[in-house]
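Residue-level structural notes
These are the residues of each chain, in order.
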Amino acid sequence: MRVHEFQARQLLAEAGVPVPSGGVATTIDEAVKAAETVFAAGGSIAVVKAQVHAGGRGKAGFVKVCKTVDEARTAATFMLSNRMVSPQTPPEGLAVSRLLVASGVDIAKEFYVAVLTDRSTRRNVLIASAEGGVDIEHVAETRPEAILKQPLDPVTGLHPYMARDMAFRLGFQGKTVAQAADIFLKLARTFIEKDATLAEINPLVLTPASAAHPEGQVIAIDAKFTFDDNAMFRQKQVQAFFDPAEENPSEIRANEFGLSYVALDGTIGCLVNGAGLAMSTMDIVKLHGGEPANFLDVGGSASEEAVTEAFRIILSDARVNGVLVNIFGGIMQCDRIARAIIASAKTVGFKVPLVVRLEGTNVTEARKLLEAARGDIPTMQTAGDLTDAAKRIVAATKGA
Ligand code: GDP
Ligand code: MN
């Protein structure tokens, strides 16, 4: 699960990481008020930032550093009336309905720091770079040696000596070493305590020297967190951050019915049971020249209503020009799938080719049901095995 920057900043602030204050706005007027608050408190910069579940905002013009209330008004007007397009958004971009107007800081240097799970070493790892900011992806691609890593202890997490060592390797000096190390420890602790899958600060900034801070200050000015969906039962605060407006509506509907659905870019809708079978189905569709439109796993215990809803979701995708059903009935009974196909044919209708491959529990009964309903489902073909099914759906949708 993803959350907004302002929510991630709240978690950081609660953990004791220095984060500039700010206010959330959904209208231009609210944004102007929030900017006035920043300047009234003595700030010289207000930063207006689009709150969407995608990065790359700076380069897209959706993070604006403003020196006056008027500049903040212009920035807010632009952001609330244009879709944001960045390499991290769909091509049509994302609508912006929320802004963060934060107190800005002067920047001497930008760093990157994150805690995430490194699957290859099976450890949580602190990664950091002295070349943080909006070009971090480019740095990671062209100069991987500029990305520093420190694995966390699997049991005891990040130790203070590891955090200090990382601060030194990044080039922090004097009093800022302890400031940076403290932030790394708090970030690592938050990652574990909140069941995060990513806890990222980019940029973590060092401010220029000032009278109050002769060596500068280390501050987080952007935050991106993602969380383990399976941990939400014990993460009520994080769960409350869920913003349905940022999610694919079909994925939300599927979720309500206990289905796992992920929209993809292709044209062949797939209804499968079990994640492993779903992945092999997508592979075999691709092997035979098709492109899956989705990943939909109905699981073992979905009811006939849930499976019918699954068909409704697949068929409501305008790009779908064929549907492949591939079920290996173990706990799932094939006749339940057959009944859902028949119900869907009545309520939604299969206007596109449908290929059905059923095997396993109650398959004989399921085949009888489908045979009897064949007249009501003219676009249906039945397949003997998975290869046959993939070939049939690809052939049926070619040139469609
Ligand atoms: P992102 O592009 O979506 O990651 O958005 P960020 O919040 O990271 O902002 C992008 C860039 O805007 C940062 O790397 C900074 O260079 C700049 N920026 C953001 N906040 C401030 C600020 O308070 N002061 C200054 N001077 N620049 C900022
Ligand atoms: Mn950033």
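A quick note: this is a predicted structure, and the numbers were derived from the prediction, not measured. (Residues numbered from 1 in each chain as written. Chains lettered and ligands numbered in written order. Predicted model: local features only at pLDDT ≥ 70, side-chain atom pairs only at ≥ 80, totals over all residues. Heavy atoms only, no water.)

1. Side note on the overall build of the chain
Scanning the chain from terminus to terminus reveals 14 helices and 16 strands. Considering only C-alpha atoms, the chain reaches an extent of 85 × 50 × 40 Å along its principal axes. Burial statistics for the chain: of 400 residues in total, 49% are counted as buried. Taking all contacts inside the chain whose residues are at least 6 apart in sequence as the whole, residues at least 24 apart take part in 69%. Only carbon and sulfur atoms are counted for the fraction: they give 54% of the accessible area of the chain, which is about 18,800 Å². (Helix = DSSP H or I, 4+ residues; strand = E, 2+ residues; numbered from the N terminus. Buried < 20%, exposed > 50% of the residue type's maximum accessible area, 1.4 Å probe, protein only. Contact = heavy atoms within 4.5 Å. Areas by Shrake-Rupley, 256 points an atom, 1.4 Å probe, with all protein chains shown as cover.)

2. Quick notes on the domain arrangement of the chain
Parsing the chain into structural domains produces domain 1 (1–20 + 106–247), domain 2 (21–104) and domain 3 (249–397). Computed over C-alpha atoms, the centres of domain 2 and domain 3 are 43 Å apart. (Domains from an automatic or database assignment.)

3. Details of the pattern of salt bridges
Scanning all chains against the criterion turns up 22 salt bridges. Across the salt bridge formed by Arg339 and Glu365, the nearest N and O atoms sit 2.9 Å from each other. Of this pair, Arg339 sits in helix H12 (residues 334–347) while Glu365 sits in helix H13 (residues 363–373), placing them 26 residues apart in sequence. The class for Arg339 is partly exposed, based on a relative accessible area of 31%. One salt bridge in this structure joins Glu359 and Arg367, with 3.4 Å as the shortest N-O distance. A relative accessible area of 25% places Glu359 in the partly exposed class. Overlapping salt bridges bring together Glu5, Arg9, Lys49, Arg57 and Asp222 as one network. (Salt bridge = Lys/Arg side-chain N within 4 Å of Asp/Glu carboxyl O.)

4. Let's talk about the pairing of strand E6 (residues 123–129)
When you tally the buried positions in E6, you get 5 out of 7 residues, the bulk of the element. Direction of pairing for strand E5 (residues 109–118) relative to E6: antiparallel, over a ladder of 7 bridges. Residue pairing in the sheet places Leu116 in a bridge with Val125 of E6. The hairpin turn running from E5 into E6, its antiparallel successor, is 4 residues long, and Arg122 in that turn takes a positive phi close to 55°. Both E6 and strand E7 (residues 148–151) contribute to a ladder of 4 bridges, which runs antiparallel. The partner of Ala128 across the bridge, within E7, is Leu148. (Pairing = 2+ DSSP bridges.)

5. Observations regarding the coordination of the manganese ion (ligand 2)
Geometry sets the ideal angles at a metal, namely 109.5 degrees for four tetrahedral donors and 90 or 180 degrees for six octahedral donors. Asn202 (O) and Asp222 (OD) make up the full set of protein donors to the manganese ion (ligand 2), lying at 2.1 to 2.2 Å. You can see Asn202 sitting in strand E8 (residues 196–206) and its partner Asp222 sitting in the loop between strand E9 (218–220) and strand E10 (224–227), a full 20 residues away along the chain. Looking at Asn202, the relative accessible area reads 11%, which means it is buried. Overall, Asp222 belongs to the buried group, its relative accessible area being 18%. (Donors = N, O, S within 2.8 Å, 3.2 Å for Na, K, Ca; no water.)

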